[in-house]
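# Architecture and fold: a report
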2 protein chains.
Amino acid sequence: MASPAAAAAAEENLPQVLILLNPPAFTIFGEEYFTSSKFRFLKSYESSLPLDEFLSANGRPMRALLATAATIVGAGVLELLPDLRLIVTTSAGLDQLDLAECRRRGIRIASAGDIYSADVADCAVGLLIDVLRKISASNRYVKNGFWASKGDYPLGSKLRGKRIGIVGLGRIGLQVAKRLQQGFGCTVSYNSRKKKNPDQVPYPFYQDVQELAANSDALILCCGLTEQTRHVVDKEVLAALGKAGVIVNVARGAVVDEKEMVRCLVEGEIAGAGLDVFEDEPVVPKELLELDNVVLSPHSAVLTRESMMELARLVVGNLEAFFSNEPLLSEYEDD
Amino acid sequence: MASPAAAAAAEENLPQVLILLNPPAFTIFGEEYFTSSKFRFLKSYESSLPLDEFLSANGRPMRALLATAATIVGAGVLELLPDLRLIVTTSAGLDQLDLAECRRRGIRIASAGDIYSADVADCAVGLLIDVLRKISASNRYVKNGFWASKGDYPLGSKLRGKRIGIVGLGRIGLQVAKRLQQGFGCTVSYNSRKKKNPDQVPYPFYQDVQELAANSDALILCCGLTEQTRHVVDKEVLAALGKAGVIVNVARGAVVDEKEMVRCLVEGEIAGAGLDVFEDEPVVPKELLELDNVVLSPHSAVLTRESMMELARLVVGNLEAFFSNEPLLSEYEDD
């Protein structure tokens, strides 16, 4: 067995993986799941140096970077990492990375791929059922002892037959559609950047979100946040959705004009909302805390033990494969 | 237009429909939805007379009875209703009726049929997602303002791939199975009085509930309450389900040994529960009120505005059809 000194020396010689921001998965799930005998982490966020100074001092030999959804990697950062050849990110999306610059520099990318989609879709459906059937609210009612003292809780609303409008029919939106149409007998329509091939995606397409809202009982937001989708659910869309309408948001808070949505919920201009995301997380508009027709979830749609375990397997697997010159497990193919 | 006196006289002449217990749907939804210009109700529960005296005095001419799940109609009651030819019940089940005696007396029966099944199945799936993904608990956490002050909520558990054991694969159980296997990518097995035709029902059958529990991550109880199913989920079944296992009950409280289940939940011998029904409703064991891994619903799995509307349409339609000698809308066929 190696002596502690020998082990430390061996560890010294391991290739390093740079991390710029503390990955939430380390805190939520445990850093130990992401460690390996084949590499070690170099954490710029544990240094007291500003990032550019840290990278000027330490960046040159770095060949691999572990990024998160919040790790913005632009040309400036890449300039300080001339030998970088791999970015592994814990996110499904890649908006935080300058993909053109990565391509120019020959940097390969491995993302979390599809591992979160099922969980996010499950959460969206769970929030929808919860709002329509008043599960959280009646749970609170029972737990406060009101069932015996005050009698029945107000009636919920049926899911079957509801017209569901999905904004953003990517991996997550498609899984939401499948659950609700095949599983629950809802009818699904969608809005997306462009219309999908109707042979593969049979749901009616609406170019205009307001028109989609006018023809939906519930809008489920599953799109990425871009300049085009920022506040795509605005005052007019909320008015089109109407008094019986429900919003479910598992995308990003800023996809909705939150202030306007809060006003609509308070004034009864829409019926309810199930929200996993907010414009200014973890701050939630205080009006929402009081409303029984609103179900709030702390941006946890992707967070299950199983998805974290899968993420750890994928992150470690990609990094080990890279350092062993083997094929990556989930390489992003630029097209 | 008829004078008030003439209208009262006309109403006097309408055929009567006897009601023995106040239907919950009258209170929850509104009696006005169940009224008709073709019949009027005679409510024994509004009389101060004991039931047998009331029926002795008023029962003889009654041809139709509106029953609820709680209206026990045995040979003794039927004896006092010699002209009864129709029972319309607001329940899907008919356990409360002496079917053999009804048949002997030529009494036809119209039930609520399948109108509740989709809602109950939706509620079962909603409770399962809620327990696994901690929706109600994290909603409470956010609403209490803890997200910003205490950080992330503990990880939930993934639905996809879970092994679901359904106890009672009738109309409701089949709809639960469809949602979870087709919609969410779970695997379904079941226990039922007898094995279904495998050409129609492809899920593996377990004769023994304990064995089903040992091979399931969640047990969903969808069976009727009979002498065979009373406490079918007992200490041994709960032990077989185990520390990671979840119970969802949308059947009847007494299908589970509630005291034993509460002990298992408190002591962490099972992981959680989503419960719409209890042994002594509306009283809920007080230990359950404190537990974050338990979601409680006030026996509202069948209660949606839409199902109540459908029920009213069916009750009124069956009664009007009967008095007009037309075919009933949902006649129970004894086989």
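The structure reproduced in this document is the subject of the present report. (Residues numbered from 1 in each chain as written. Chains lettered and ligands numbered in written order. Predicted model: local features only at pLDDT ≥ 70, side-chain atom pairs only at ≥ 80, totals over all residues. Heavy atoms only, no water.)

### Description of the interface of chain A and chain B
Many structure descriptions define interface size as the accessible area lost when the parts assemble. Chain A puts 60 residues into the contact, and the matching count from chain B is 60 residues. When the two sides are added together, the surface that chain A and chain B hide from each other amounts to roughly 5,100 Å², 59% of it contributed by carbon and sulfur. When the area that chain A buries against chain B is broken down by residue, the three leading residues are K143, W147 and L155 of chain A, summing to 16%. The interface formed by chain A and chain B contains four salt bridges. The salt bridge partner of E306 of chain B is K162 of chain A, with a shortest N-O separation of 2.9 Å. (Contact = heavy atoms within 4.5 Å. Buried area = accessible area lost by both parts, 1.4 Å probe. Salt bridge = Lys/Arg side-chain N within 4 Å of Asp/Glu carboxyl O.)

### Observations regarding unusual backbone geometry
Residue and element names in this part refer to chain A. Of note, the amide linkage connecting E281 to P282 takes the cis form, showing an omega dihedral of 0°. Structurally, the position occupied by P282 is in the loop between β10 (272-275) and α13 (286-289). Although it is not a glycine, H231 sits at a positive phi angle of roughly 55°. Relative to the helices and strands, H231 is located in the loop between β8 (218-221) and α11 (235-241). Here the phi dihedral of H299 falls at roughly 45°; this positive angle occurs in a residue that is not glycine. Within the secondary structure, H299 sits in the loop between β11 (294-296) and α14 (305-323). Look at H299 and you get partly exposed, because its relative accessible area is 25%. (Helix = DSSP H or I, 4+ residues; strand = E, 2+ residues; numbered from the N terminus. Buried < 20%, exposed > 50% of the residue type's maximum accessible area, 1.4 Å probe, protein only.)

### Describing the sheet that holds strand β5 (residues 108-110) of chain A
Residue and element names in this part refer to chain A. Taking strand neighbours across the sheet as the criterion, the five strands line up as β2-β1-β3-β4-β5 in an open arrangement whose pairing is parallel. Sheet topology places β2 (40-43) and β5 at the edges, where each strand pairs with a single neighbour. On average, each strand axis in the sheet is inclined to that of its neighbour by 25°, with strand direction left out of account. Sheet topology note: the strand β1 (residues 16-19)/strand β3 (residues 64-67) ladder contains three bridges and is parallel. Opposite L18, over in β3, you have L65 as the bridge partner. (Pairing = 2+ DSSP bridges. Axes fitted to C-alpha atoms, helices over the stretch in contact; angles between N-to-C directions.)

### A look at the packing of helix α6 (residues 117-133) of chain B against helix α9 (residues 171-183) of chain B
Residues and elements named next belong to chain B. Axis separation between α6 and α9 bottoms out at 8 Å; the angle between their running directions is 50°. Here α6 lies oblique to α9, going by the angle between them. The two elements α6 and α9 meet at a crossing, and its hand is right-handed. Note on element contacts: α9 touches α6 through R171, I172, Q175, V176, R179 and L180, opposite S117, A118, V120, A121, D122, A124, V125 and L128. Among the residues making up the contact of α6 with α9, the classes are represented as nine nonpolar, two polar and three charged. (Parallel < 35°, antiparallel > 145°, perpendicular 65-115°, else oblique. Left-handed = near helix turned anticlockwise from the far one by under 90°. Nonpolar A, V, L, I, M, F, W, Y, C, P; charged D, E, K, R; others polar.)

### Quick look at the relation of the copies chain A and chain B
The transform that puts chain A on chain B rotates by 180° and translates by 0.0 Å along the axis, for an RMSD of 0.1 Å. Both chain copies can therefore be described as sitting about a two-fold axis. The share of interface residues of chain A whose copies in chain B are also at the interface is 100%, consistent with both copies meeting through the same surface. (Least-squares fit on C-alpha atoms with pLDDT ≥ 70 in both.)

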